[in-house]
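Structural characterization, general
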Amino acid sequence: MSTSYQAMTGACRSVRRDVAGALLAWVLIALFIPCGPAAVAQTKPATWRDCDPGGIQTLSVPDPVSGRSYDVEISLPADYDTDTAKRHPVLYLADGGRAIRPLTCLVKALYGKGELMEEPIIVGLSYARGETLEVSRKRDYTPVPLKPGDTAYGGGQAYQLYLRATVIPHVESLYRVDPGQRLYWGHSYGGLLGTRILLTEPDLFKTYILGSPSLWFADHAILVLEADYAKANSDLKADVLMYVGGEEVSRYDPSRRGHTRDMVGDMKAFEAQLKQRSFPSLTIRSLVVPGKNHRNTIPSGFTWAITSVLGGSKTVQSR
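Residues numbered from 1 in each chain as written. Predicted model: local features only at pLDDT ≥ 70, side-chain atom pairs only at ≥ 80, totals over all residues. Heavy atoms only, no water.

Considerations on the nonpolar core
To keep it simple, the criterion reads: For this analysis, a nonpolar core means a set of buried residues of the types Ala, Val, Leu, Ile, Met, Phe, Trp, Tyr and Cys, connected via side-chain atoms within 4.5 Å. Buried, partly exposed and exposed residues are distinguished by accessible area as a fraction of the type maximum, computed with a 1.4 Å probe on protein chains only: under 20%, between the cut-offs, and over 50%, respectively. Only heavy atoms matter for contacts: two residues are in contact if any of them lie within 4.5 Å across the pair.
Among the nonpolar cores identified, the biggest contains 57 residues, and Ile74, Tyr92, Ile121, Val123, Val167, Tyr175 and Tyr208 are the most heavily contacted of them. Once residues within four sequence positions are removed from consideration, tyrosine 175 is found in contact with Gln57, Leu59, Ile74, Leu76, Tyr80, Arg87 and Ile121. With 24 residues, the next largest nonpolar core counts Val107, Leu110, Tyr243 and Ile298 among its residues.

Some remarks on the packing of aromatic side chains
Rule in force here: Only Phe, Tyr and Trp rings are paired, with Trp represented by its six-membered ring, and only when their centres lie within 6.5 Å; those with planes under 30 degrees apart are stacked, over 60 edge-to-face, the remainder tilted. Secondary structure elements are defined from DSSP: runs of H or I of at least 4 residues count as helices, runs of E of at least 2 residues count as strands, and each element is numbered from the N terminus. Our definition puts a charge over a ring when NZ of Lys or CZ of Arg is within 6 Å of the ring centre and also within 35 degrees of the ring normal.
In this structure the tally under the stated criterion is 15 aromatic pairs. With centroids separated by 6.4 Å and ring planes inclined at 40 degrees, the aromatic side chains of tyrosine 189 and tryptophan 216 adopt a geometry described as tilted. With a gap of 27 residues between them, tyrosine 189 in helix 8 (residues 189-200) and tryptophan 216 in the loop between strand 7 (207-211) and helix 9 (217-220) connect regions that are remote in the sequence. Tryptophan 216 shares its class with tyrosine 189; the two are buried. A network of ring pairs unites the aromatic residues Tyr70, Tyr141, Tyr159 and Tyr162 as a single cluster. The ring of tyrosine 80 carries the charged tip of arginine 176 above its face, separated from the ring centre by 4.0 Å. The positively charged end of arginine 261 is found above the aromatic ring belonging to tryptophan 216, 4.2 Å away from the centroid.

Regarding the pairing of strand 8 (residues 238-245)
Counted only if it meets this: Strand pairing requires that DSSP identify at least two bridges connecting the strands.
The element strand 8 is extensively covered by neighbouring structure, given that eight of its eight residues are classed as buried. One ladder, built from five bridges, connects strand 7 with strand 8; its direction is parallel. Bridge pairing in strand 8 places isoleucine 209 opposite leucine 241. One ladder, built from eight bridges, connects strand 8 with strand 11 (residues 282-289); its direction is parallel. Its bridge partner lying in strand 11, aspartate 239 is registered against threonine 283.

Below, the structure is given as structure tokens:
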């Protein structure tokens with residue numbers, strides 16, 4: 001059932017003010033929307049690097065199929081070395097090379113305030129070495145080519161295979177992960193990739209956090225995957241949380257020099273379609289964050305989703 005912003009907990013609001021306010025809102029402007037270098041220079045403040053949780057480990061995890069080299073960045077919970085018998089939830093972040101530091105700061109602050117019952121291991125999925133953000137993510141995160149023979153888009157299936165066969169086994173052989181609490185987060189194209197995984201290999205993750213997913217891509221090609229899945233399956237075992245900014249509707253946006261997509265309508269329609277399937281093991285929730293757009297909805301949406309999944313005693317008591 002769609003959740004209103006006003007229903008969010010007071011504790012979440014306080015964390016957003018303390019941690020995810022101006023810093024994260026402005027940091028994340030530049031993370032997920034391709035824009036020109038001049039625009040990035042004007043909007044990304046120098047202080048964004050101050051949000052560094054420290055202790056992030058970098059692994060080189062090449063893709064044996066494509067031959068591309070990717071880094072995977074790891075942030076461990078504060079008690080990882082002190083409680084050596086404990087296995088932890090694990091959160092995989094699309095766009096992780098840029099998202100892992102600000103989102104790890106947010107997770108650690110939420111955990112420190114008692115908003116999370118458990119602090120997850122966080123895994124940032126970076127872009128291919130030697131490629132720009134735009135080149136790597138539009139290939140790896142999209143489900144279909146835009147035209148026959150197109151190799152710039154449509155590599156989502158190959159990247160998903162890389163995650164399943166290489167990244168996840170490697171990470172979970174090195175760290176004390178609870179595979180039963182494997183979470184995915186992605187925003188925009190990253191949300192689109194998560195939707196593709198959900199509809200083709202749902203058990204790869206237990207929980208899918210899909211932020212402003214680009215369901216519009218290639219004339220809503222993702223809906224074909226949804227229909228194909230529904231024809232072949234009677235259940236979809238997953239916990240899905242989707243969020244979108246209230247301003248992500250079709251309107252002229254001068255900052256983007258064009259009309260925006262109706263991502264609010266797309267999310268609601270996709271949620272309604274999945275609910276109509278009556279999959280017994282599917283739980284799906286959504287949040288529309290009023291006053292937020294595609295660029296600044298992440299702190300609020302992510303906070304709502306991660307506390308809904310891993311919420312601690314304060315979160316439970318306030319609901």
